Amino acid sequence: MLVSFSCGNFLSYDSVQTLSLKAAKKLRTKKEHLFCSKTAGNVLKFAALYGANSAGKSNFFKAMNVVRSFILTGRLAPNSAELHCRIKRQNGRKPSFFEICFLMDGVPYTYGMNIDMQRKIVVSEWLFFTNGGEQQLLFKKEGADSGIEFGPELAGCKELQLLANVFSGGESPFLYCVNHNTKSFYDKNPEANILRTVFEWFALHFEVIYPEQPISDTALLGDSASLKEYADFLHMFGTGIVGIEKEEVSEDKVKSSISAADRANMEFRMNVVRMNNLLSKEKREWSAVIRNRTNIFTIKMDRSGSIRYYVLKFIHQYGDEKVAYEMRRESDGTYRLFQLLDVLMTAKDKVFVIDEISRCMHPLLTIKFVETFLRLAAERTVQLVVTTHETRLMKHEFLRRDEVWLCENDEGTSRLYSLDEKQVRIDKVMDENYMEGTFGGIPRLG
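A brief structural summary.

What counts and how
Residues take numbers from 1 onward in each chain, read along the sequence in its written order. Reporting in this predicted model follows two pLDDT cut-offs: at least 70 for local features of residues, and 80 or more for side-chain atom pairs to be given and counted; totals over whole chains, interfaces and linings ignore these cut-offs and use all residues. Computation of side-chain values: all heavy atoms of the structure, hydrogens and water removed. Segments assigned H or I by DSSP are reported as helices when at least four residues long, segments assigned E as strands when at least two residues long, and all are numbered from the N terminus. C-alpha atoms define the radius of gyration, and 2.2 Å times the number of residues to the power 0.38 defines the globule rule. Only protein chains enter the accessibility calculation, which uses a 1.4 Å probe. A residue is then buried if its area is under 20% of the maximum for its type, exposed if over 50%, and partly exposed in between. Every residue pair with non-hydrogen atoms within 4.5 Å of one another is taken to be in contact. Helix axes are fitted only over the stretch in contact, all axes being lines through C-alpha atoms; the angle between N-to-C directions runs from 0 to 180 degrees. An angle below 35 degrees is read as roughly parallel, one above 145 as roughly antiparallel, one from 65 to 115 as roughly perpendicular, and any other as oblique. Crossing handedness is defined as follows: a turn of the near helix away from the far one that is anticlockwise and smaller than a right angle gives a left-handed crossing, while the clockwise case is right-handed. Throughout this entry, Asp, Glu, Lys and Arg are counted as charged residues, while Ala, Val, Leu, Ile, Met, Phe, Trp, Tyr, Cys and Pro are counted as nonpolar. The remaining residues, Gly among them, count as polar. Being paired, for any two strands, means DSSP has found at least two bridges between them. Two N or O atoms form a polar contact when they lie within 3.5 Å of each other; inside protein one atom must be a possible hydrogen donor and the other a possible acceptor, and for residues adjacent in sequence the pair counts only when both atoms belong to side chains. Under the convention used throughout, the expected extent of a helix is 1.5 Å for every residue step, that is, one less than its residue count. Residues enter patches when their relative accessible area tops 30% and they take part in no salt bridge; the joining distance is 9 Å for like charges and 5 Å for the nonpolar side chains Val, Leu, Ile, Met, Phe, Trp and Tyr. For every accessible area listed, the method is Shrake-Rupley and the probe measures 1.4 Å; residues are considered covered only by the protein chains on display. Salt bridges, as used here, are contacts in which a Lys or Arg side-chain nitrogen is within 4 Å of a carboxyl oxygen on Asp or Glu. Ring geometry is summarised as follows: Phe, Tyr and Trp rings, the Trp one being its six-membered ring, pair when their centres sit within 6.5 Å, and such pairs are stacked at plane angles under 30 degrees, edge-to-face over 60 and tilted between the two. Over a ring means this: the NZ of a Lys or the CZ of an Arg is within 6 Å of the ring centre and within 35 degrees of the ring normal.

Across its full length, the protein chain holds 11 helices and 21 strands. In summary, the protein chain has a C-alpha radius of gyration of 23 Å against a globular reference of 22 Å for 446 residues, a match within 12%. Dimensions of the protein chain along its principal axes, counting C-alpha atoms only, are 70 × 60 × 45 Å. When the 446 residues of the protein chain are sorted by exposure, 53% land in the buried category. Taking the contacts inside the protein chain whose residues are at least 6 apart along the sequence as the reference set, 64% of them involve residues at least 24 apart.

Structure below.
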């Protein structure tokens, strides 16, 4: 579960701003929206961020994606030198600040970085966990030229110190370096396994979703039972779809229908699985999905390395006739909804961050989606954080006031605050008051 995320000197965020998912202590409503933790208190399973266009909502989610991507790939985007907050000239010489607090196996962790976006290096990096109410160090690096210091949990691992000496240069996060081609290291040094577990939280349990998703590992679209569940949701949301079927296609059909970047990504992932299976006694299967506006493809590799490709067809019924369409024939709203269904179907402990959840979707569909998520989330350890303009979600029968956050931009710099900070009375009509400008976070129209 995500507890909080902070960033500063990044795009429209000059001073450090924090989105907190900690539940307000005084609110007693909708307890089913909470994840109860003995170590972190009550954590919200949902939060919606509102604000005018260009207020900085998407920029905050981009900051989350920068952190996740940098940890998983060890690289910053080519345009990273332009990502500091440019309203002050001196900000170009200052590092950008990022810190994320999350719960894993009931333990709160705090991971952060100061990144020099101009030079594309990690200036400082830290990882703590909380035990008995006190923060305890796992590792930290305090300067671009500094070494890495370990806390008591890891200080006795000599091989880890050797890795730290090699990777202390700062071009990539240490959390990435110690988890890149280091499987044998953890086999020999199980006391350091917590670093792999934290890395896997970012890889497997934290997902930032944008309108166009790249290739992603998945098992949900690979079997008939899951496809039926997808179809049932699509039917429930009024898309006219009554079923989904897979049709096997050639490798050439897939490659000719996707971008060069997706082709390269697909081949890279398949080669990684093949190499791991060659080096490991335990062979594993692998599946993936490639989504674009034209088609949804699934890829299945068995333990022998044999690969099969499928395209999904969406079944509509007109009287006695059933007609199968590829995704290109479906509406933008259906395509957007299909992108989001993993949020409703996942059985994993997972945090989903979605920019513009209501994009291309009817307001009633957005409300129904969030209602369905909250109903299912009551029995799951799953979390959803979104940006939206759909004010009808603000109604008290849907959300708590601490689940509603606002983003305002004043002279080029963004700031965040929740409706709980505004101490909105529980009987107020929040959506109407928001549109009237009572709480801020709306466009300033001339």
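There's more to say after this.
The subject of this paragraph is the packing of helix 6 (residues 224-236) against helix 9 (residues 332-345). The N-to-C vectors of helix 6 and helix 9 enclose an angle of 115°; their axes lie 10 Å apart at closest approach. It follows that helix 6 is roughly perpendicular to helix 9 by the angle criterion. Between helix 6 and helix 9 the crossing geometry is right-handed. Contacts from Ser226, Glu229, Tyr230, Phe233 and Leu234 of helix 6 reach helix 9 at Leu337, Phe338, Leu341, Asp342, Leu344 and Met345. In terms of residue class, the contact of helix 6 with helix 9 is made up of 8 nonpolar, 1 polar and 2 charged.

So, about the sheet that holds strand 9 (residues 134-141). Spatially, 7 strands are ordered 2-1-6-7-8-9-10 in an open sheet, and the strand pairing comes out antiparallel. The open sheet has two edge strands with one neighbour each: strand 2 (17-20) and strand 10 (148-150). Pairs of neighbouring strands in the sheet enclose a mean axial angle of 15°, with direction left out of account.

For strand 16 (residues 307-318) and strand 17 (residues 321-325), the ladder comprises 5 bridges, and the chain directions are antiparallel. Following the sheet pairing, Tyr318 is matched in strand 17 by Glu321. The turn joining strand 16 and strand 17, which pair antiparallel and follow one another in sequence, is formed by 2 residues; a positive phi near 65° is taken by Gly319.

By the element assignment, Lys313 lies in strand 16. A polar side-chain atom of Lys313 sits 3.0 Å from a polar atom in the side chain of Glu247. Setting aside chain neighbours within four positions, we find Lys313 in contact with Gly243, Ile244, Glu245, Glu247, Ala324, Tyr325 and Glu326.

On to helix 10 (residues 363-377), then. The α-helix advances 3.6 residues per turn, and as a result positions three or four apart in sequence lie on the same side. Here helix 10 spans 21 Å end to end across 15 residues, near enough to the 21 Å set by a 1.5 Å rise per residue. Here helix 10 has its buried residues at Leu365, Thr366, Ile367, Phe369, Val370, Thr372, Phe373, Leu374, Leu376 and Ala377. Each element contacted by the buried residues of helix 10 is listed here: strand 5 (46-51), helix 6, helix 9 and strand 19 (382-387).

Right, let's get into a nonpolar patch on the surface. Together, Met275, Leu278 and Leu279 line one region of the surface with nonpolar side chains, adding up to about 380 Å² of accessible area. With respect to the helices and strands, Met275 occurs in helix 8 (residues 260-279). Classification of Met275 as partly exposed rests on a relative accessible area of 46%.

So, about the environment of Leu227. Along the chain, the position of Leu227 falls in helix 6. The spacing of Leu227 and Glu245 is 18 residues in sequence and 7.4 Å in space, taken between C-alpha atoms.

A few words on the packing of aromatic side chains. Between two aromatic rings, the relevant description is the distance of the centres plus the angle of the planes. Applying the stated criterion across every chain, the model contains 19 aromatic pairs. Arranged with centres 5.5 Å apart and planes meeting at 70°, the rings of Phe10 and Phe98 form a pair that is edge-to-face. On the criterion of sequence distance, the pair formed by Phe10 in the loop between strand 1 (2-8) and strand 2 and Phe98 in strand 6 (residues 96-104) is long-range, its members being 88 residues apart. Across the pair, Phe98 and Phe10 agree in class, each one buried. By the ring-pair criterion, three or more aromatic residues cluster together here, those being Phe102, Tyr109, Tyr111, Phe129, Trp201, Phe202 and Phe206. Over the aromatic face of Tyr310 sits the side chain of Lys246, whose NZ or CZ is 4.4 Å from the ring centroid.

Attention now goes to the sheet that holds strand 18 (residues 350-354). What the 6 strands build is an open sheet, ordered 11-18-19-5-20-21; its pairing is mixed. The two strands at the open ends of the sheet, each matched to only one other strand, are strand 11 (206-209) and strand 21 (413-418). Strand-to-strand twist in this sheet, taken as the mean axis angle between neighbours without regard to direction, amounts to 15°. The pairing of strand 5 with strand 20 (residues 404-410) spans 4 bridges and is classified as parallel. Paired with Leu49 across the bridge in strand 20 is Trp405.

This part takes up the packing of helix 9 against helix 10. Between two packed helices, both the angle of their axes relative to each other and the distance between the axes serve to describe the pair. As a packed pair, helix 9 and helix 10 sit with axes 10 Å apart at the nearest point and diverge in direction by 15°. In this view, helix 9 runs roughly parallel relative to helix 10, as classed from their interaxial angle. Considering only the axes of helix 9 and helix 10, their crossing is right-handed. Contacts from Leu337, Leu340, Val343 and Leu344 of helix 9 reach helix 10 at Leu365, Phe369, Thr372, Phe373 and Leu376. Of the residues contributing to the contact of helix 9 with helix 10, the split by class is 8 nonpolar, 1 polar and no charged.

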